[in-house]
Amino acid sequence: MGWLGFHDLAGRHRHVPEDGGPDAENPLFSDDLITRGTILAELDMSRGGRVPARLLAFESARGWTRQLTLWLNADETLSVEIRQGPARSYARLDNPPSAGGGRWRLSIIWDGPGRAGHLALFSPENARMAVAPLPAPPPLPGADLRAIVEASGPCEADPRVTFLAVAEGHEPAGPAAGIAAGTMADTPDGPRPVERLQRGDVVLTASGAPKPIRWTFRQALPAAGPFTPVMLRAPYFGLSRDIVVTAGTRLMISGPDAEYHFGEEAVLAEAGSLAAHPAVHPCPADGAITCHQFLFDEHECLSLSGACVESLFIGTLGARPALRAVSMLAPLPPSALPLHRRLAGPVLRPFESRSLASEMRA
């Protein structure tokens, strides 16, 4: 069934269908067990706060005692505990992908009948990832998952939790697609919709050189939080027409603006952090957004209607089978996966992107 509901706690945008509405069959409105599912949480560790702490805490005694707790431990590792009556499932990530401040994307994935699951933590900033097994996870009632995604009633969320989403079935952990369907990619033979590009097709990149696509990806994402659709309007950023990418997708900005402010020929800035610019319009929506992404031999910025937008950056994930298996890279043969040793340019921190957007606006 895919994404059932999501909640952007930072922006207060919530998509949990109303009881009795057109999505009344949504399992979040019943006590039916969701045997296979995914809880996705975005964590902003730069907000600071008490350590150790319960980042997410759900508890209910209705019917039988049930708990789901996400812990930030004293050593800044993460652990999750799920209890149902006497049953307990526990996982701890002893090697988080980064320490201290920054953003983490956490996936709690369970398969009740298979008696297996995992806890996965991904850093969108550097593509580092860690995974721990979650043994014998119990199926979770839909009504419990609704309380968790709403972060209300019997569920409390720490301010460092900025986004929550729930899906029925297993959603890939780790890197995500970020270019909306309908966006036009520039190729040597003219513009083509991204959804029509295939492995081996050649597209134009930031350097002007044509590069072949190693692999293509298509993914449905909840349209809020880090996946909020962001419209970039022409004629800014070199655009010949408007394009839509997700908030966490990075755009290459080059020329005098990058040179003057950062001493670089080009920099990478997340689209969502450029919202102060008059041509950048975040537009959270109900439901999911279909996005595409492309893998190259190296991290590239491909030309989309004249603007340069990053391709998929996977770092060393391709060389680590346990991590690859829980990501959207799982279907690919190992021989198809390159090692990305460096990003296509220096990455701006969110406050640097906001400052740059304000200067460009002036």
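Residues numbered from 1 in each chain as written. Predicted model: local features only at pLDDT ≥ 70, side-chain atom pairs only at ≥ 80, totals over all residues. Heavy atoms only, no water.

(A) Broad picture of the overall build of the protein. Helix and strand counts for the protein come out as four helices and 28 strands. Within the protein, buried positions represent 54% of all 362 residues. The protein carries 33 positive and 39 negative side-chain charges, and their two centres are separated by 4 Å. (Helix = DSSP H or I, 4+ residues; strand = E, 2+ residues; numbered from the N terminus. Buried < 20%, exposed > 50% of the residue type's maximum accessible area, 1.4 Å probe, protein only. Lys, Arg positive; Asp, Glu negative; His and termini not counted. Charge placed at Lys NZ, Arg CZ, Asp CG, Glu CD.)

(B) Expanded view of the nonpolar core. The biggest cluster of nonpolar side chains holds 38 residues, and the ones touching the most others in it are Ile39, Leu68 and Leu145. Setting aside its immediate chain neighbours within four residues, Leu68 contacts Ile39, Leu56, Ala57, Phe58, Val80, Glu81, Ile82, Leu140 and Ile148. Ranked by size, the runner-up nonpolar core spans 31 residues in total, among them Ala247, Leu304, Val309 and Ala357. (Core = buried A, V, L, I, M, F, W, Y, C linked by side-chain atoms within 4.5 Å. Contact = heavy atoms within 4.5 Å.)

(C) Quick look at the pattern of salt bridges. Counted according to the given criterion, the structure contains 19 salt bridges. Two residues, Arg47 and Asp44, come together in a salt bridge whose shortest N-O distance is 3.6 Å. Overall, the relative accessible area of 45% leaves Arg47 in the partly exposed class. Note on Asp44: relative accessible area 16%, which makes it buried. Its salt-bridge partner being Arg250, residue Glu310 comes within 3.2 Å of it at the nearest N-O pair. Of the two residues, Glu310 sits in strand β28 (residues 307-310) while Arg250 sits in strand β23 (residues 250-254), which places them 60 residues apart along the sequence. The exposure classification of Glu310 matches that of Arg250, with both residues buried. (Salt bridge = Lys/Arg side-chain N within 4 Å of Asp/Glu carboxyl O.)

(D) Here's a closer look at the sheet that holds strand β9 (residues 103-111). Strands sit in the order β2-β1-β14-β4-β9-β10-β11 across an open sheet of seven strands; the sheet is antiparallel. Here the strands that pair on one side only, and so sit at the sheet edges, are β2 (13-15) and β11 (128-133). Each adjacent strand pair in this sheet contributes to an overall mean axis angle of 15 degrees, direction not counted. Where strand β10 (residues 116-123) and β11 come together, six bridges link them in antiparallel fashion. Considered in β11, the bridge of Phe122 is made with Met129. Sheet strands in contact with helix α1 (residues 142-150) are β1 (2-8), β2, β4 (36-44), β9 and β14 (161-168), and its direction is about 155 degrees off that of β14. (Pairing = 2+ DSSP bridges. Axes fitted to C-alpha atoms, helices over the stretch in contact; angles between N-to-C directions.)

(E) How the structure looks around the packing of aromatic side chains. One pass over the full model with this rule turns up two aromatic pairs. Note on Phe163 and Phe227: the rings are 6.2 Å apart at their centroids and 80 degrees apart in plane angle, and the pair reads as edge-to-face. Linking Phe163 in strand β14 with Phe227 in the loop between β20 (215-222) and β21 (229-232), this pair joins segments that are 64 residues apart in sequence. Through successive ring pairs, a cluster of aromatic residues spans Phe6, Phe163 and Phe227. Above the face of the Trp64 ring, Arg66 is positioned so that its terminal group lies 4.9 Å from the ring centre. (Phe/Tyr/Trp six-rings, centres within 6.5 Å; stacked < 30°, edge-to-face > 60°. Lys NZ or Arg CZ within 6 Å of the ring centre and 35° of its normal.)

(F) Main features of the pairing of β4. With eight of nine residues buried, β4 is to be regarded as a mostly interior element. Pairing of β4 with β9 involves nine bridges; the strand directions are antiparallel. Bridging from a neighbouring strand, Thr38 pairs with Ile109 of β9. Direction of pairing for β4 relative to β14: antiparallel, over a ladder of seven bridges. Bridged to Leu43 within β14 is Val161.

(G) Inspection of the environment of Phe29 at higher detail. Checked against the element boundaries, Phe29 lands in the loop between β2 and β3 (33-34). Relative accessible area serves as the criterion here: at 19%, Phe29 is assigned to the buried category.

(H) Structural context of the sheet that holds strand β5 (residues 53-60). Read across the sheet, five strands follow the order β8-β7-β6-β5-β13 without closing on themselves; strand pairing throughout is antiparallel. Strands with a single pairing partner mark the edges of an open sheet, and in this sheet they are β8 (87-93) and β13 (155-157). Strand-to-strand twist of the sheet, defined as the mean angle between neighbouring strand axes without regard to direction, takes the value 5 degrees. Across seven bridges, the pairing between strand β6 (residues 66-72) and strand β7 (residues 78-84) is antiparallel. Of the residues in β7, the one forming a bridge with Gln67 is Arg83. Along the sheet, α1 contacts β5, β6 and β13; its crossing angle with β5, the most-contacted strand, is approximately 145 degrees.

(I) Representation of the side chain of Ser123 within the structure. Along the polypeptide, Ser123 turns up in strand β10. Residue class for Ser123 comes out buried when judged on its relative accessible area of 0%.

(J) Fine view of the side chain of Gln293. Position of Gln293 relative to the elements: it lies in strand β26 (residues 288-295). For Gln293, the residues in contact, after removing those within four places along its chain, are Ala177, Gly178, Ile179, Trp215, Thr216, Phe217, Glu310, Ser311 and Leu312.

(K) Spotlight on unusual backbone geometry. Following Val51, the chain continues into Pro52 via a peptide bond in cis, with omega recorded as 0 degrees. Among the secondary structure elements, Pro52 is positioned in the loop between β4 and β5. For the bond running from Ala234 to Pro235, omega is 10 degrees, close enough to zero to count as cis. In this structure, Ala136 takes a positive phi of about 45 degrees despite not being glycine. Along the chain, Ala136 falls in the loop between β11 and β12 (140-141). Located in the positive-phi region is Ser305, a residue other than glycine, with phi close to 55 degrees. Overall, the relative accessible area of 2% leaves Ser305 in the buried class.

Purely geometric numbers; function is a separate question.
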